[in-house]
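The primary structure of each chain is shown beneath.
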Amino acid sequence: MVELINVSYSYEDKVALKDINLKIEKGELCVIVGPNGSGKSTLVSVICGIYKPDKGVVKLFGKEDHNHFRKKISFVPQKVSSFNQLFPISVKETVLLGLVPQKGYFKGFSSQDLKKVDEILQKLDLIEFKEKQLGKLSGGQQQRVFIARALISEPELLILDEPTVGIDSKSEEILYKLLLEQKAKNTTIVMVTHDIFAIKSYADKIICMKDGEILTICGAQEFSVKKYKQIYFED
Ligand SMILES: Nc1ncnc2c1ncn2[C@@H]1O[C@H](COP(=O)(O)OP(=O)(O)OP(=O)(O)O)[C@@H](O)[C@H]1O
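A brief report on the enclosed structure follows. (Residues numbered from 1 in each chain as written. Predicted model: local features only at pLDDT ≥ 70, side-chain atom pairs only at ≥ 80, totals over all residues. Heavy atoms only, no water.)

### Topic: the pairing of strand β6 (residues 157–161)
- In terms of residue burial, β6 counts as a mostly covered element, since five of its five residues are buried.
- Because side chains alternate across β6, one face comprises the buried residues L157, I159 and D161, and the other comprises L158 and L160, equally buried.
- Across five bridges, the pairing between β6 and strand β7 (residues 188–192) is parallel. Along β7, the bridge assignment pairs L157 with T188.
- The β-α-β motif built from β6, the intervening helix α6 (residues 169–184) and the parallel element β7 has right-handed crossover chirality. (Buried < 20%, exposed > 50% of the residue type's maximum accessible area, 1.4 Å probe, protein only. Helix = DSSP H or I, 4+ residues; strand = E, 2+ residues; numbered from the N terminus. Pairing = 2+ DSSP bridges. Right-handed = clockwise from strand over helix to strand, strands pointing away.)

### Some remarks on the side chain of T42
- Here T42 is to be found in helix α1 (residues 40–48).
- In this structure T42 touches Y9, Y11, A16, L17 and Y51, once residues within four positions along its chain are discounted. (Contact = heavy atoms within 4.5 Å.)

### Some details on the site of the ligand
- For the ligand, the set of nearby residues contains 14 residues, the closest of which are N36, G37, K40, S41 and T42.
- Within the side chain of N36, a nitrogen or oxygen atom sits 2.9 Å from an oxygen atom of the ligand.
- Note that an oxygen atom of the ligand is positioned 2.5 Å from one of the side-chain N or O atoms of T42.
- Those elements that provide at least two residues to the shell around the ligand are β2 (14–24) and α1.
- With three residues, the top contributor of residues to the shell around the ligand is α1.
- Of the residues contributing to the shell around the ligand, the split by class is three nonpolar, eight polar and three charged. (Near = heavy atom within 4 Å. Polar contact = N/O pair within 3.5 Å; in protein donor to acceptor, adjacent residues only side chain to side chain. Nonpolar A, V, L, I, M, F, W, Y, C, P; charged D, E, K, R; others polar.)

### Let's talk about the packing of aromatic side chains
- In total, this model carries six aromatic pairs according to the counting rule given.
- Consider the rings of Y11 and Y51, whose centres lie 5.7 Å apart with planes at 90°: the pair is edge-to-face. Here the residue Y11 occupies a position in strand β1 (residues 2–11), and Y51 occupies one in the loop between α1 and β4 (55–60), the gap between them amounting to 40 residues.
- Ring-pair connections join several aromatic residues into one group, and the members of that group are Y9, Y11 and Y51.
- Its guanidinium or amino end placed over the ring of F61, K72 lies 5.0 Å from that ring's centre, counting from NZ or CZ. (Phe/Tyr/Trp six-rings, centres within 6.5 Å; stacked < 30°, edge-to-face > 60°. Lys NZ or Arg CZ within 6 Å of the ring centre and 35° of its normal.)

### Notes on the nonpolar core
- Ranked by size, the top nonpolar core spans 43 residues in total, and within it V33, V91, V95, L124, L179, I206 and F223 carry the most contacts.
- The residues touching L124, leaving out its near neighbours within four places in the chain, are R144, I147, A148, I174 and L178.
- Ranked by size, the runner-up nonpolar core spans 27 residues in total, among them M1, I32, I47 and L157. (Core = buried A, V, L, I, M, F, W, Y, C linked by side-chain atoms within 4.5 Å.)

See below:
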């Protein structure tokens, strides 16, 4: 489903990813952990096709042509609440935007689409905010709206960059429940998180990053406190 072969990426003077090799199979829930600045966000941006690698190959669905697969991928970026808070868009409209890659900009939305909005807003406990301006919601509520936008298209590949930052425990629990629902539908999920112990029991694969490199890839069972300390505290 996702394969990276010898991928490197640099920002001007900073090497952010060095020779990354990884494979994520269809239906896997894969978690990426590592200290600040270790390259996690860059890695998911390269997987999504936002950044083109300087070197190496990124394959999605077995192919290198990403544009072809836009309809099948959803991405929840980090710090989504940094969008322009004055932008006059409602919660409902924001969530509908998640359907644009599948439907195009000019076709309009059907009653079925509007029903899907209601369903996903119900699930994320956001229905009361449906007609509200997005910028008038709290940071955590906005984060949940962006998660709803990513889920409404029922993507085959769902990529989330620290989705639980700023959301409360109840919403975090709802999110994990939704991710498990997606996983049961064979959605491949790639998630950057620092909440490793919260997600450990659900993860199939844990990718540990440090200094732009993959330190180790392991299963949830093998991910121990010792490994956690090695990644976060040892030089
Ligand atoms: N736009 C940018 N321009 C220059 N350097 C950048 C840029 N974005 C990230 N970097 C650098 O690239 C490296 C990897 O950053 P990245 O955001 O991928 O790390 P991260 O593991 O996601 O960190 P965090 O946990 O803080 O989100 C860091 O050293 C960072 O300073």
